[in-house]
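What the coordinates show
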Amino acid sequence: MSGLQKSLGGTVGTFLALSTILGSGMMILPGTSYQELGRSAWLPWAVAAVSVIPLLYCYAWLGRRHPSASGVAHYSEVAFGRPVGRSSGLLATLALVAGIPATAITGGRYVAQFAGVPSLAWLFPIAVLAAATLIGCLGANVSGKVQVALVLGLFALVTCTALVALGTHGVEAPSADLPRLGEFGSVLTAVYVAFTGWETVAFTFEEHKRPDAIPRIFAASYVIVVALYGLVLLGLFSAVSPGDEALDDAPLLRLAERSLGDLGRPVTLALVVAAIAANVCASVLALSRLVFGMARSGYLPKPLAQVRHRDSNPVTSVLVVGAVLVLIAVLGSTGVMSFELLFVLSGGIYFVLYGLGAASYAKLAGPGATPRVVTVLCAVTVVAVTVLAGPPMWACWALFAAVWLATATLARRPPTREPEYESADR
């Protein structure tokens, strides 16, 4: 089985990371957190931003030393063996299969509302997923360049909107009042969704020309993401009342209307299309690489590990992934499948993947002061968020445990056919 072509540079890799992280969470979470906590809403965002740093350090370290299309499945296999690796990969696949259509459906609902065309609620998700599949078939470098353009447009729209709001309405200083613990914990758990995505970026690491640039890509994308979230929050503080009902479902629209007047609605529509399209393109690319890596390791059917000869692009994997995601988007947007369940399932599993990556780092990094400190900080974050999140997060950890036990049990059975080929990731 072949490896993937190393075609991604540092700039495209950074924008690919940004596309994966900035999605539907950016359009909703700043508004809901502001509505819940007023100008104290910056506190859970600050806690999430700081506490996620050790987890990102783990993934940057692993990506630099073990670049693989299988991402966390490969890291956990190297650290803990094939059953854990296979379980991690299956769970990551499930999270993306649930999360990508949910993001596309969210975009469809926004576009339908802002454009006043109800049919776009189901047409947009199908169109954006089909387009992302087509772009994925053209290769990682082409997909990355498309995302550079989309993210640059997104940055321009968000930055201008927030700066105009601050210039027009003045800067309202954040509040230092501490919210009640229960409210704070609830908002913090939700806000963490805005800081997931770096674990998904890991599935593209095999295609980077220079794995040693991965830590810089993580650092640059982290700084930009935090700055963008901070601008949106400050803009909301200055231009929108925390009691505004629109904060619950369309905070960016309300911010744009208060800042740009009649231009607010078309600007918000363009912003939503850019954010969702970039996120879906990046996520489809990442999922196709994960499926390719899992098939190459013998965890999924072998045909999914085939690559196109001229550019080593796993087109079969891209097409299968695209077809499955379009089907789920149709089921989700028409109400046959629970849209809310897709979000809860994907968000919880994403955080479980952070925990598995941190555990793999703790095992592979070896002794030393830095690994011990990073491991302790990661453990505190993972345990705290798991406890605060409650039953939905506990269910995701229980799901991983069940998959791992089943995989480990099956692995102990004597083989009834020829053993599968060894992983090319090793």
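For the structure, see preceding data.
Notes on the structure in this doc start here.

Rules behind the numbers
Residues numbered from 1 in each chain as written. Predicted model: local features only at pLDDT ≥ 70, side-chain atom pairs only at ≥ 80, totals over all residues. Heavy atoms only, no water. Axes fitted to C-alpha atoms, helices over the stretch in contact; angles between N-to-C directions. Helix = DSSP H or I, 4+ residues; strand = E, 2+ residues; numbered from the N terminus. Parallel < 35°, antiparallel > 145°, perpendicular 65-115°, else oblique. Contact = heavy atoms within 4.5 Å. Nonpolar A, V, L, I, M, F, W, Y, C, P; charged D, E, K, R; others polar. Core = buried A, V, L, I, M, F, W, Y, C linked by side-chain atoms within 4.5 Å. Buried < 20%, exposed > 50% of the residue type's maximum accessible area, 1.4 Å probe, protein only. Expected span 1.5 Å × (residues − 1). Polar contact = N/O pair within 3.5 Å; in protein donor to acceptor, adjacent residues only side chain to side chain. Disulfide = S-S within 2.5 Å. Phe/Tyr/Trp six-rings, centres within 6.5 Å; stacked < 30°, edge-to-face > 60°.

Now for the packing of helix α16 (residues 369-389) against helix α17 (residues 391-412). Interhelical geometry of α16 versus α17 gives an angle of 120° and a closest axis separation of 6 Å. When the axes of α16 and α17 are compared, the pair comes out oblique. When α16 is examined against α17, the residues V382, V385, T386, V387 and A389 are found in contact with a partner set consisting of P391, P392, M393, W394 and W397. By residue class, the composition of the contact of α16 with α17 is 9 nonpolar, 1 polar and no charged.

Moving on: the nonpolar core. If you look at the biggest cluster of nonpolar residues, it comprises 131 residues, and the most contacted ones within it are M26, L129, F195, W198, Y229, V280 and L287. Tallying contributions element by element places helix α13 (residues 264-296) first for this core, with 19 residues. Leave out the neighbours within four places in its chain, and F195 touches W45, A48, A49, V52, V226, Y229 and Y354.

Okay, helix α1 (residues 10-21) next. For α1, with 12 residues, the first-to-last C-alpha span of 17 Å sits near the 16 Å given by 1.5 Å per residue. All buried positions along α1 are accounted for by V12, G13, T14, F15, L16, A17, L18, S19, T20 and I21. Residues of α1 that are buried in the fold lie against α8 (140-169), α10 (198-201), α11 (214-239) and α13.

Another point: the side chain of T93. Residue placement: T93 occurs in helix α6 (residues 82-115). For T93, the side chain forms a polar contact with the main-chain oxygen of G89, separated by 2.8 Å. If near-sequence neighbours (up to four positions away) are discounted, T93 is found in contact with L287 and L290.

Looking now at the state of the cysteines. According to the stated counting rule, one finds 0 disulfides in the structure shown. The thiol of C137 is unpaired, and the distance to the nearest cysteine sulfur, on C281, comes to 12 Å.

It is worth spelling out the packing of aromatic side chains at this point. In this structure the tally under the stated criterion is 13 aromatic pairs. Judged by centre distance (6.0 Å) and plane angle (75°), the ring pair of Y59 and Y354 falls under edge-to-face. You can see Y59 sitting in helix α4 (residues 53-65) and its partner Y354 sitting in helix α15 (residues 339-364), a full 295 residues away along the chain. With respect to class, Y59 is no different from Y354; both count as buried. Arranged with centres 6.3 Å apart and planes meeting at 45°, the rings of W198 and Y222 form a pair that is tilted. One end of the pair, W198, is in helix α10; the other, Y222, is in helix α11, and 24 residues separate them in sequence. In this structure, W198 and Y222 share a single accessibility class: buried. Through pairs of rings, three or more aromatic residues link up here, namely Y59, Y75, Y192, F351 and Y354.

Along an α-helix, residues three or four apart share an orientation, since each turn contains 3.6 residues. The end-to-end C-alpha separation of α6 is 49 Å, in line with the 50 Å expected for 34 residues at 1.5 Å each. Here α6 lies mainly inside the structure; 26 of its 34 residues are buried. Immediately beyond the C-terminal end of α6, within one or two residues, lies G116, with a positive phi of roughly 70°.

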